[in-house]
Amino acid sequence: MSGEVDVETAAYVEGLRRDLPAAVAAHRAKEVAYFGSEDEVPDVRDLVLRVDVRDDGLPELVIDCTIHDGDQPPTARARFGLDAEWRRSQDAKQPGGYVDAIAFGLVVGGTYETPEQDPTTAERAAVDASLPDAVTLWADLPRLAGGRWEGDRLVVNRTTVLVTPEQWREHVVDWEVAARRDRGVDAMRPGQGHAYAAADLEGTVASTGASFIVWWRGEPHASHRAELPPV
């Protein structure tokens, strides 16, 4: 859902339209020099930028682009946080700041939307009916994620996880739907959605070492603060 974009954000995006193509080209040149071959590095062109204001009022930068690879270059879409505090956090992390972070994401990948089909209403309803209630799943979370309670908050290693029982159950539903859809020798097993969800949370904690894990738009995000959005 798109909402109204404030003047400051609109002006910032105009600057990105001007600066981003050169930043992408520079990042690609670095990657080509590292790999020694242009064939191994995506050639991202035809950038089209727009702003999507979500229901929570926070803007996202949406970039449609073409990844030139062979005779039929595929189109792709990437999303990046765009609120002012998130931009400031990126500016503080690296010399190239926010623009460099976007260029890196477009060239190296990991920020593109995937074409996975959303679960049907029937799929979610079947999973929802099969799972314990939110309180039961919440009570079992410390055991599965290797955490502990400190007051009413869950702590995994040294990371405080800020998630409500209802949010956690929705996350488990998503993982159980994925488990039931999975196929192949190494496929996830139906009925283990709660375990996969906990392993995902534990892996996020271990890989980031963040002070907090906050729940934002249905997923866990590492953050150095407890407030939303994650930064």
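Scroll up for the structure.
Predicted model only: the values in this text are computed from it and were never measured.

Participant: So what exactly am I meant to see when it comes to the sheet that holds strand S8 (residues 219-223) here?
Facilitator: Two modes of strand pairing occur in sheets, parallel and antiparallel, and in both the strands are linked by backbone hydrogen bonds. As summarised here, the arrangement of the 5 strands in space is S4-S5-S6-S7-S8, forming an open sheet in which the pairing is mixed. Two strands in the sheet have a free side with no partner beyond their single neighbour: strand S4 (147-150) and S8. Put simply, the sheet's adjacent strands are angled 35° from each other on average, direction ignored. Of the strand pairs in this sheet, strand S7 (residues 212-216) and S8 are connected by 5 bridges, and their pairing is antiparallel. Directly across from Phe-212, in S8, lies its bridge partner Ser-223. In the packing of helix H5 (residues 134-145) onto the sheet, the strands contacted are S4 and strand S5 (153-156), and the crossing angle to S4 comes to about 130°.

Participant: How do you make sense of the pairing of strand S2 (residues 59-68) when you look at a structure like this?
Facilitator: Judged by how many residues are buried, S2 sits mostly within the fold: 8 of 10 residues are covered. By the bridge criterion, 9 bridges tie strand S1 (residues 43-53) to S2 in an arrangement that is antiparallel. Opposite Val-48, over in S2, you have Asp-64 as the bridge partner. Where S1 folds back onto S2 in an antiparallel hairpin, the turn is made up of 5 residues, including Gly-57, whose phi is positive at roughly 85°. As paired strands, S2 and strand S3 (residues 75-81) are joined by 7 bridges and run antiparallel to one another.

Participant: Explain the pairing of strand S6 (residues 159-162) here, please?
Facilitator: On a regular strand, one side chain projects to one face of the sheet and the next to the other, so that they alternate. By the alternation rule, side chains of S6 split into Thr-159 and Val-161 and Thr-160 and Leu-162, which are all buried. Pairing of S5 with S6, which is carried by 3 bridges, proceeds in the antiparallel orientation. By the bridge assignment, Leu-154 is partnered in S6 with Val-161. The turn joining S5 and S6, which pair antiparallel and follow one another in sequence, is formed by 2 residues; a positive phi near 55° is taken by Asn-157. In this sheet, S7 lies alongside S6 in parallel orientation, the contact comprising 3 bridges.

Rules behind the numbers
Residues numbered from 1 in each chain as written. Predicted model: local features only at pLDDT ≥ 70, side-chain atom pairs only at ≥ 80, totals over all residues. Heavy atoms only, no water. Pairing = 2+ DSSP bridges. Helix = DSSP H or I, 4+ residues; strand = E, 2+ residues; numbered from the N terminus. Axes fitted to C-alpha atoms, helices over the stretch in contact; angles between N-to-C directions. Contact = heavy atoms within 4.5 Å. Buried < 20%, exposed > 50% of the residue type's maximum accessible area, 1.4 Å probe, protein only.

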